[in-house]
Amino acid sequence: MTQNKYTLTKLFSYFKIAVTGKEQEFTSGSIRKAVFMLAIPMILEMMMESIFALVDAYFVSSLSANAIATVGLTESVLTLVYAVAIGLSMGVTAIVARRVGEKDINGASQAAVQSIFLGTAIAIIISIVGILFPKEILALMGAEQGLIDEGYGYTQVLLGGNITIMLLFLINAVFRGAGDASVAMKVLIFSNLLNIILDPIFIFGLGPIPSFGVQGAAIATTIGRGSAVLLQLMILFYGWSKIRVTIKDIVFRAATMTNLIKVSLGGIGQFIIGTSSWVFLMRIMAEFGSEVLAGYTIAIRVLMFTLMPSWGMSNAAATLVGQNLGAKKPGRAEQSVWKTGKYNAYFMGVVSVFYFVFAEAILRIFSDQPNVVEYGALSLRIIAAGYVFYAYGMVVIQSFNGAGDTKTPTIINFFCFWVFQLPFAYVAALVFNWGVIGVLLAITLAEALIAIIGVIWFRKGKWKTVSV
C-alpha cells in the first residue's frame, strides 16, 4: 500500500514537471522518465489539435447532414495541407532535435526561421486556390449541388486561411524538437478555448454577429488558430522557450533552407501519399450518400481524438531519437522507441475496447439520425479493431522521421496506401459490392501492414547512420 502511494505521488510529481516544462534534458538518465516527460505534454497537445474538428462536428451536426458532410469533404481535402505541414514539421523537428542534442541552439533557431519562410510561401499558393475555387473543389469530391451551395463558404474560409494551420504545426514542431513540448501544448489549449467560445457565436449568431451557419465554424477555427500563431511568434521572439529568434536570424539562409527541404521532402511525400489516399477513400464513401458520409465523418473525428494522443507519444519517440542521435547515443535512441511503442500499444488497446462497446452511444452525442449513427458506429468499430497495430506503426514511422530518415516511411506508405489500400477499397466496395465495409477493411488492413513492415525495417538499424 505504501509502495503504491509512493509510486502515485512520484507519477503526479513527474506529471507536474512535464506539464510545466521544467524537465529539458532527455539524453541521459531514465528512459522511462524521458518518455513520460515528453509524451504527456505531446499527448495533451495532440488532443487539443483533434478537439478543433470534434468541436466543429458537434456544433455543425445540429444544422444538417449536408453541413456535416461538408466538414468531412473539406477536411479530407485539407488533409493535403496537413500533409505538407506535417511533412515540413518532421524535417523541422528532426533538425532542431539534432542541433539541440549537439548543443547548437543558434543552428536550431536558424532552422526555425527558414521553416516559417517556407511554410508561408506554400500556404499563400494554397490560399489562392481555396479562395477562388471552393465550389469546384467540393464538386471534384463528389458533392451534390445542394451540399455545394450550403457549404462552399466553409471550404473557402478554411483553405483560404490555411496559413494558420501551416504555421501552427511548424512552430510547434520547433518547440517539440527542442524538448519544449509543454509550450506547444499550452499554445493549443489557448487556441481551443477560443474556438470553443467562438464556434457557437459564428455558427448560430450572437448580438451584432450574424449567423454564418457551417461557414461560421471555419471562421471561428481560423481565428482560434491565427491567435495561437501570434502567441507562438511572441514566445519565439521574446525567448520564452529554449529556442529564441532575433532580428539577425530573419534572413534567407540558402544552406539551412536546402537542408530543411531535403529532410522534409520525404516527410511531405509520405503524408501526401497517406492523406491523398484518405481523399480517395472519402470520394468512394460519397458514392453511398450524405448520411453514410456524415456517419463516417463523425467517426473519423472521434477516432482522431484518440489517434492524436497516440501521435503525441510517437512525436515523443521522434524527439528522443533525434536528440540522442545528436548526442551520439544510438542505443539509447532505440530503447526509447521500443518503450514508447509498448506504452502506446497499452493505451490503444484499452481505447479499442471502449469504442467497440460504446460506438452507438458515442455517435448519438453528435446525431439522432438512425442511418448516421449506424454507419458511424460501424466505422468506429472496424477502424478501431486495428488500433494496437496503429500504436506500434506510428511510433516506428515517427522514429524514422526523428532520425531524419524520411525516405523509408515514404516507401512504406507508397506500398501500403497506393499499391494495397486504394485498389482493395475500390474493388471490395464497388466491384464486390461490400459497400462501406470494403472501405473500412482497407483502412484497418493497410495500417496493420504499415506496422509490420515498419518494425521489420526498423530492426535493420540503418536509420542510426543518417546525418542531418
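All figures in this text were calculated on a predicted structure; none of them were measured in a lab.

Procedures and definitions
Residues numbered from 1 in each chain as written. Predicted model: local features only at pLDDT ≥ 70, side-chain atom pairs only at ≥ 80, totals over all residues. Heavy atoms only, no water. Helix = DSSP H or I, 4+ residues; strand = E, 2+ residues; numbered from the N terminus. Rg over C-alpha atoms; globule rule 2.2 N^0.38 Å. Buried < 20%, exposed > 50% of the residue type's maximum accessible area, 1.4 Å probe, protein only. Contact = heavy atoms within 4.5 Å. Salt bridge = Lys/Arg side-chain N within 4 Å of Asp/Glu carboxyl O. Axes fitted to C-alpha atoms, helices over the stretch in contact; angles between N-to-C directions. Parallel < 35°, antiparallel > 145°, perpendicular 65-115°, else oblique. Nonpolar A, V, L, I, M, F, W, Y, C, P; charged D, E, K, R; others polar. pLDDT = per-residue confidence, 0-100. Phe/Tyr/Trp six-rings, centres within 6.5 Å; stacked < 30°, edge-to-face > 60°. Left-handed = near helix turned anticlockwise from the far one by under 90°. Expected span 1.5 Å × (residues − 1). Bend = angle between axes of the 7 residues up to and from the residue. Core = buried A, V, L, I, M, F, W, Y, C linked by side-chain atoms within 4.5 Å.

Participant: Mind laying out the overall build of the protein, listing which residues take part and the relevant values?
Facilitator: Looking only at helices and strands, one finds 16 helices and zero strands in the protein. The C-alpha atoms of the protein give 21 Å as radius of gyration, which agrees with the globular expectation for 468 residues (23 Å, within 12%). Principal axes of the C-alpha set define a box for the protein whose edges measure 55 × 50 × 45 Å. Within the span of the protein, comprising 468 residues, buried residues form 60% of the whole. A separation of at least 24 residues holds for 81% of the contacts in the protein among residues at least 6 apart in sequence.

Participant: Break down the pattern of salt bridges for me, citing the residues and quoting the values.
Facilitator: Applying the stated rule across the entire model yields five salt bridges. A salt bridge links Asp-249 to Lys-248; its shortest N-O distance comes to 3.8 Å. In this structure Lys-248 comes out as exposed when scored by relative accessible area, which is 57%. A salt bridge links Glu-287 to Arg-283; the nearest nitrogen and oxygen atoms lie 2.9 Å apart.

Participant: So what's going on with the packing of helix H10 (residues 254-285) against helix H11 (residues 290-326)? Which residues, and what values?
Facilitator: Relative to each other, H10 and H11 sit at 155°, their axes nearing to 11 Å. In this view, H10 runs roughly antiparallel relative to H11, as classed from their interaxial angle. In this structure, H10 contributes Phe-271, Trp-278, Leu-281, Met-282 and Met-285 to the contact, and H11 contributes Val-292, Leu-293, Tyr-296, Thr-297, Ile-300 and Trp-311. Here the contact of H10 with H11 is built from residues that sort into ten nonpolar, one polar and no charged.

Participant: If you had to explain the confidence of the model for the protein to someone new, which residues and values would you point to?
Facilitator: Chain-level statistics for the protein give a pLDDT mean of 86 and a share of 95% at 70 or above. Confidence scores differ between elements of the protein, with helix H1 (residues 2-20) showing the lowest mean pLDDT of 64 and helix H16 (residues 436-459) the highest of 94.

Participant: Outline the packing of aromatic side chains, supporting the account with residue identities and numerical values.
Facilitator: With the rule as written, the count across this model stands at 13 aromatic pairs. The interplanar angle of 20° and the centroid separation of 5.2 Å between the aromatic rings of Tyr-238 and Trp-240 together place this pair among those described as stacked. Here Tyr-238 and Trp-240 have matching classes, each one exposed. Note on Trp-338 and Phe-458: the rings are 5.3 Å apart at their centroids and 90° apart in plane angle, and the pair reads as edge-to-face. Residue Trp-338 is located in helix H12 (residues 330-366), and its partner Phe-458 is located in helix H16; the two are separated by 120 residues in the primary sequence.

Participant: Any chance you could break down the packing of helix H3 (residues 65-101) against helix H7 (residues 163-178) for me, citing the residues and the numbers?
Facilitator: Where H3 contacts H7, the two axes come as close as 8 Å, and the packing angle between them is 25°. In terms of their interaxial angle, H3 and H7 are classed as roughly parallel. Between H3 and H7 lies a crossing whose hand is right-handed. In the contact of H3 with H7, the residues fall into 18 nonpolar, three polar and one charged.

Participant: So, unusual backbone geometry: which residues are in play, and what are the values?
Facilitator: Here the phi dihedral of Lys-328 falls at roughly 65°; this positive angle occurs in a residue that is not glycine. Located in the positive-phi region is Asn-433, a residue other than glycine, with phi close to 60°. With respect to the helices and strands, Asn-433 occurs in the loop between helix H15 (407-431) and H16.

Participant: So what about the environment of Val-468? Which residues, and what values?
Facilitator: With respect to the helices and strands, the residue Val-468 is situated in the segment after H16. Sequence separation of Val-468 and Phe-202 is 266 residues, and the distance between their C-alpha atoms is 45 Å. When sequence neighbours within four positions are dropped, the list of residues in contact with Val-468 reads Ala-94, Arg-98, Arg-99, Asn-259, Val-263, Ala-403 and Gly-404.

Participant: Report on the side chain of Asn-344, specifying residues and quantitative values.
Facilitator: Relative to the helices and strands, Asn-344 is located in helix H12. Exposure remark for Asn-344: the relative accessible area of 0% places this residue in the buried category. Contact partners of Asn-344, with chain neighbours within four places excluded, come to Ser-310, Met-313, Ser-314, Ala-391 and Val-395.

Participant: Which residues make up the environment of Leu-281, and what values go with them?
Facilitator: Mapped onto the fold, Leu-281 is located in helix H10. Linking Leu-281 and Tyr-426, residues 145 residues apart in sequence, is a C-alpha distance of 8.3 Å. Apart from residues no more than four positions distant in its own chain, Leu-281 is found in contact with Tyr-296, Gln-421, Leu-422, Ala-425, Val-439 and Ile-443.

Participant: How would you explain H3 if you had to name every residue and give the values?
Facilitator: For H3, spanning 37 residues, the distance from its first C-alpha to its last is 50 Å, which sits close to the expected 54 Å at 1.5 Å a residue. Residue Val-77 marks the point of greatest curvature in H3, where the axis turns by about 30°. Within H3, 35 of the 37 residues are buried, which leaves it mostly tucked inside the rest of the structure. Downstream of H3 by a residue or two, Lys-103 has a phi angle that is positive, lying close to 65°.

Participant: With reference to specific residues and values, describe the nonpolar core.
Facilitator: Judged by nonpolar contacts, the single largest core of 125 residues is most densely connected at Tyr-355, Leu-380 and Tyr-387. The greatest single-element share of this core, amounting to 20 residues, is contributed by H3. If you look at the next biggest cluster of nonpolar residues, it comprises 13 residues, including Phe-26, Ala-34, Met-42 and Met-313.

Participant: Give a description of helix H6 (residues 145-160) that names residues and reports values.
Facilitator: Here H6 spans 21 Å end to end across 16 residues, near enough to the 22 Å set by a 1.5 Å rise per residue. The largest bend in H6 amounts to roughly 55° and is located at Gly-151. Taken as a whole, H6 has its buried residues at Leu-147, Ile-148, Gly-151, Gly-153, Tyr-154, Thr-155, Val-157, Leu-158, Leu-159 and Gly-160.

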